[in-house]
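Secondary and tertiary structure notes
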Amino acid sequence: MGQDALIMEKQKKVTIICIAFNHEDWIFEALESVAMQDYYAKELLIIDNGSSDQTPAKIQEWVNQFTGLFPVKTIFNEEPRPYCSVFNAAFLQTDCDYVVDLSGDDVLYPDHLSLSIKQLKKDPNAAFCFSDAYLLSSSGAIRTFYKRNAFSELRENVELGNLYETLLRRNTICSATIVFNAKILKKEGGYDESLYYEDFDIQIRLTRKYPVVFSDHVGILKRVHPRSMSSQQYQRYISRMLPSTVKVCEKALELNQSEDENQALQERILFELKHALWSANFLAAKHLIELAEKLHTKNPRLAFYRWWSKIKVDLSWLYIHLTG
């Protein structure tokens, strides 16, 4: 048996599920970054989710020239399907120890899997490992997700002790960096298929029940561009993400176990409500106000937001100008 085969036999397997949608400019680099991982026991499942550009052809081109060092499978959907359903359909058929949800416009750095899995092995009960990322804007500006000093050291420690409550307040994890414990994710049913997007929900569901670990490395290059899903969070008038955010907040209220957690959820609701109103997503705003009232929120901003929602003042043109 060769040395590489011996290494693979000792390593636990990770499955990378790469879902692409109109990523013709970036998919080749994303797939190549999987091939360049220094973690050997891996398999790659590539899913084109009904792209209308040249993404399927680019995927096939990459597969045709692939040297076959690890298993690669492809799925080509004729029409776009809901993201969470696409991921679950693939993931629930896998037999692996770890799983990565890789977007077709992101890039893994070569040691991302090995460093993340090293931390996961230290705590078999951990639901996932997360790390730092470079965020690359469409203008070419780049920064790390977590603030670092001139020596690339974290300016603040990443706190894990009360992460559930922290995540209710604000987004403190770059979801693209996550390497999941596949057994735990499968036990929890994978992503919630009733939602348009997955990260907020899966993070609070898992941190409510399980510990997680952090690896102090930059593991991902995440592109932030107008076509990325995250840029649609507060889309003017017709955000498809805000209704899912409302659902997750409703679920969080059922998960909460303390007044501090309820307070954290109130802060999140007021934040989302502000952006719902500014982007003229008034139906989502109505549901957020109802949820805030259910929590007995006592904040002067809520009265103002209630008035704004009632008269439906449309300032979304200004919101786009200020945030665009």
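Residues numbered from 1 in each chain as written. Predicted model: local features only at pLDDT ≥ 70, side-chain atom pairs only at ≥ 80, totals over all residues. Heavy atoms only, no water.

Scanning the entire structure with this criterion turns up 16 aromatic pairs. Judged by centre distance (5.8 Å) and plane angle (85 degrees), the ring pair of Tyr 146 and Phe 214 falls under edge-to-face. Residue Tyr 146 is located in the loop between strand 7 (142-144) and helix 6 (163-169), and its partner Phe 214 is located in strand 9 (residues 213-224); the two are separated by 68 residues in the primary sequence. Each member of the pair Tyr 146 and Phe 214 is classed as buried. Aromatic pair Trp 278 and Trp 308: ring centres 5.4 Å apart, planes at 80 degrees, arrangement edge-to-face. With a gap of 30 residues between them, Trp 278 in helix 10 (residues 259-278) and Trp 308 in helix 12 (residues 300-311) connect regions that are remote in the sequence. What makes Trp 308 buried here is its relative accessible area of 4%. Sitting above the plane of the Phe 91 ring, Lys 186 keeps its charged end 5.2 Å from the centroid. (Phe/Tyr/Trp six-rings, centres within 6.5 Å; stacked < 30°, edge-to-face > 60°. Helix = DSSP H or I, 4+ residues; strand = E, 2+ residues; numbered from the N terminus. Buried < 20%, exposed > 50% of the residue type's maximum accessible area, 1.4 Å probe, protein only. Lys NZ or Arg CZ within 6 Å of the ring centre and 35° of its normal.)

Across its 14 residues, helix 9 (residues 242-255) extends 20 Å between first and last C-alpha, which sits within 8% of the 20 Å expected from 1.5 Å per residue. For helix 9, the complete set of buried residues consists of Leu 242, Ser 244, Thr 245, Val 246, Val 248, Cys 249, Ala 252 and Leu 253. Residues of helix 9 that are buried in the fold lie against helix 6, helix 8 (199-209), helix 10 and helix 11 (282-294). (Expected span 1.5 Å × (residues − 1). Contact = heavy atoms within 4.5 Å.)

Our next topic: a nonpolar patch on the surface. Residues Phe 304, Trp 307 and Ile 311 make up a contiguous nonpolar surface patch of roughly 320 Å² in combined accessible area. Structurally, Phe 304 is set in helix 12. For Phe 304, a relative accessible area of 45% translates into the label partly exposed. (Patch = residues over 30% accessible without salt bridge, like charges linked within 9 Å, V, L, I, M, F, W, Y side chains within 5 Å. Areas by Shrake-Rupley, 256 points an atom, 1.4 Å probe, with all protein chains shown as cover. Salt bridge = Lys/Arg side-chain N within 4 Å of Asp/Glu carboxyl O.)

Turning to the pairing of strand 3 (residues 72-77), a few remarks are in order. Pairing analysis gives 6 bridges linking strand 2 (residues 42-49) to strand 3, with the strands arranged parallel. Paired with Asn 49 across the strands is Asn 77, a residue of strand 3. At this point the chain moves from strand 2, through helix 3 (residues 55-65), to the parallel strand 3, and the crossover so formed is right-handed. (Pairing = 2+ DSSP bridges. Right-handed = clockwise from strand over helix to strand, strands pointing away.)

Moving on, we come to helix 11. Across its 13 residues, helix 11 extends 18 Å between first and last C-alpha, which sits within 8% of the 18 Å expected from 1.5 Å per residue. Immediately beyond the C-terminal end of helix 11, within one or two residues, lies His 296, with a positive phi of roughly 55 degrees.

For the coordinates displayed, the defined rule picks out 14 salt bridges. Lys 13 serves as the salt-bridge partner of Glu 43, at 3.8 Å between the closest nitrogen and oxygen. Taken as a pair, Glu 43 in strand 2 and Lys 13 in the loop between helix 1 (3-10) and strand 1 (14-20) lie far apart in primary sequence, 30 residues in all. By relative accessible area, Lys 13 is classed as partly exposed at 29%. Glu 29 is the partner of Arg 223 in a salt bridge, and the nearest nitrogen-oxygen pair spans 2.8 Å. Of this pair, Arg 223 sits in strand 9 while Glu 29 sits in helix 2 (residues 27-35); the two residues are 194 residues apart in sequence, bridging distant segments of the chain. Within the structure, one salt-bridge network assembled from shared partners comprises Asp 192, Asp 201, Arg 205 and Lys 251.

What is shown is where atoms sit, not what they do.
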